[in-house]
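Chains, contacts and geometry: an overview
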Amino acid sequence: MKKLRKIDLWIVIPYILLLGIGIVMVYSASFYNALVVGGRTNQYLIKQLAYAVLGLFLCYVTFMLKEKIFKNQRILSFVMIVTGGSLFYLLLRAKLVPSSRVNGASAWINLGLINFQPLELAKLFFIMYLALFLTNKQNRLLRKQGWKEVFLEVLQPLFVVVVMIVLVFMQPDIGGALILSLITLVLLSSSTIPGRLIAELSGMLLVVFTSMVVIITKFPPEFVKHGYAYQRFLAMQHPFQLEQKSGAQLVNSFYAISNGGVFGVGLGNSIQKRGYLPEPHTDFIMSIVSEELGFVGVAFILGLLFIIIMRMISLGFRSRKTYNSLVYYGVATMILIQVVLNIGGLLGVIPLTGVTLPFVSYGGSSLLILSVALGVVLNLEATAKFEKIKKG
């Protein structure tokens, strides 16, 4: 129990508040649709409450574990096999059973009580795997000054992460592939690889990404034009022109945000959740928050997420352990990118990616993995505090 006294309240308190807000807003956003399809109005409330309680439990268990468990090669290898195998299974199932796709993608495995999304496990695996590998190689990487030398040192983890990113991209889940790619880039940038090489890599990736966007926008191949992702890209550019087609979700999101104003129309009084926004308790829950609680409610939720993200970045700067810093930066990146992709999609700044809002949107896999990730961060920080006290 002594360890609990060293827990970081700057992370725990916002986390618990977000869980509470998520439970309330999932119920508010889902009860009408559940009623229409003949289900119980509180079915999503019960599930989200169960996920939140289980998430808290997993966060606590992870917090109480020995730090060496996170660095156990056998455990990481097992997680790698489960994650990679699950992603490959989804790709194979999509080819053999096209009807298994949901909203154009094959991303979930039904485990009975929960729909497991391997992507969520892949995010945490990337952080833990790359943090350990780059820490073990930190002295060797520090001495490398050429691309060829660095590439040979990081060939093993790059092969693993690239394969998984490709499997996610082929689901297709562009948002998920982007999150995994950015986690990888941030961890590589935060390692002891010379900054000059990281700057060159970032520049090349930016040029490649920009070129692909321009080519697809100006000269889209025929097979791309009929793709689900491309239709979302068009919807972002011309939402009202495509209001009866792919732009419907985005337009209704705009209406919800506009209706809410500063203080909102009141909890439970959203209009757009009544058949206009599909599954408003998942990807579009922030639109419902905006409509019911207004700008004030949105700012409060984003403020809580910002506190968690900035706290982890701050811990990363202050930590004297490379491994701890990389884990902090990785988890902060995972949460930040999901927030940016979710909010950016609702505002029409970027295409809709299907990425949920951390801790608030309905979903078991995301909430549980995020809770475990916070448990790891809290564990490492508390352990570091104990070690500091012992050293005097």
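Residues numbered from 1 in each chain as written. Predicted model: local features only at pLDDT ≥ 70, side-chain atom pairs only at ≥ 80, totals over all residues. Heavy atoms only, no water.

In the nomenclature of an unreviewed UniProt entry, the protein chain corresponds to Probable peptidoglycan glycosyltransferase FtsW from the organism Companilactobacillus heilongjiangensis. Quoted straight from UniProt, the Subcellular location (unreviewed entry) entry for the protein chain says "Membrane". (UniProt positions renumbered as here; feature names shortened; annotations may be inferred.)

**So, the overall build of the protein chain**
A count of helical and extended segments in the protein chain gives 16 helices and two strands. Against the globule reference of 21 Å for 392 residues, the protein chain gives a C-alpha radius of gyration of 21 Å, in line with a compact fold. Here the C-alpha coordinates of the protein chain stretch approximately 60 × 55 × 40 Å along the principal axes. A buried classification covers 48% of the 392 residues belonging to the protein chain. Long-range pairs, those at least 24 residues apart, make up 71% of the contacts in the protein chain with a sequence separation of at least 6. A total accessible area of about 19,300 Å² is found for the protein chain, and carbon and sulfur atoms account for 69% of it. Measuring between centres, the 34 positive side-chain charges of the protein chain sit 10 Å from its 15 negative side-chain charges. (Helix = DSSP H or I, 4+ residues; strand = E, 2+ residues; numbered from the N terminus. Rg over C-alpha atoms; globule rule 2.2 N^0.38 Å. Buried < 20%, exposed > 50% of the residue type's maximum accessible area, 1.4 Å probe, protein only. Contact = heavy atoms within 4.5 Å. Areas by Shrake-Rupley, 256 points an atom, 1.4 Å probe, with all protein chains shown as cover. Lys, Arg positive; Asp, Glu negative; His and termini not counted. Charge placed at Lys NZ, Arg CZ, Asp CG, Glu CD.)

**So, the nonpolar core**
With 99 residues, the main nonpolar core has Val 327, Val 331, Ile 335, Phe 359 and Leu 374 as its most contacted residues. Here this core gets 14 residues from one element, more than from any other, and that element is helix H5 (residues 118-136). If we skip the residues at most four places from it in the chain, Leu 374 touches Ile 11, Tyr 15, Cys 59, Ile 308, Met 312, Val 331, Ile 335 and Phe 359. (Core = buried A, V, L, I, M, F, W, Y, C linked by side-chain atoms within 4.5 Å.)

**Examining the packing of aromatic side chains**
Enumeration according to the criterion identifies seven aromatic pairs in this entry. Consider the rings of Tyr 27 and Phe 31, whose centres lie 6.0 Å apart with planes at 40°: the pair is tilted. Pair noted here: Tyr 27 and Phe 31 are both in helix H1 (residues 9-36), with a separation of four residues, about one helical turn. By relative accessible area, which is 33% here, Tyr 27 ends up partly exposed. Residue classification places Phe 31 among the partly exposed positions, given a relative accessible area of 24%. With 5.1 Å between their ring centres and 85° between their planes, Tyr 44 and Tyr 362 make a pair best called edge-to-face. With Tyr 44 in helix H2 (residues 43-64) and Tyr 362 in the loop between helix H15 (322-347) and helix H16 (364-391), this residue pair connects regions lying 318 residues apart in the sequence. (Phe/Tyr/Trp six-rings, centres within 6.5 Å; stacked < 30°, edge-to-face > 60°.)

**Considering the pattern of salt bridges**
In total, this model carries seven salt bridges according to the counting rule given. Here Arg 311 and Asp 8 are joined by a salt bridge, their closest N and O atoms 2.8 Å apart. Placement of the pair is Arg 311 in helix H14 (residues 285-318) and Asp 8 in the segment before H1, with a sequence separation of 303 residues. Residue Arg 311 shares its accessibility class with Asp 8, and that shared class is buried. Note that Glu 153 is salt-bridged to Lys 137, the shortest N-O span being 3.0 Å. (Salt bridge = Lys/Arg side-chain N within 4 Å of Asp/Glu carboxyl O.)

**Regarding a positive patch on the surface**
A cluster of like positive charges, contributed by Arg 318, Arg 320, Lys 388 and Lys 391, occupies part of the molecular surface. With respect to the helices and strands, the residue Lys 391 is situated in helix H16. For Lys 391, a relative accessible area of 74% puts it in the exposed group. (Patch = residues over 30% accessible without salt bridge, like charges linked within 9 Å, V, L, I, M, F, W, Y side chains within 5 Å.)

**Some words on helix H13 (residues 248-260)**
The terminal C-alpha atoms of H13, which comprises 13 residues, lie 19 Å apart, in line with the 18 Å expected from a rise of 1.5 Å per residue. For H13, the full list of buried residues reads Leu 250, Val 251, Asn 252, Ser 253, Ala 256 and Gly 260. Looking one or two residues beyond H13, the residue adopting positive phi is Gly 261, at roughly 60°. (Expected span 1.5 Å × (residues − 1).)

**What to know about H14**
Taking 1.5 Å of rise per residue, the 34 residues of H14 would be expected to cover 50 Å, yet its terminal C-alpha atoms sit only 35 Å apart, more than 12% below that figure. Considering bend angle alone, the principal kink of H14 is centred on Leu 293 and spans about 125°. (Bend = angle between axes of the 7 residues up to and from the residue.)

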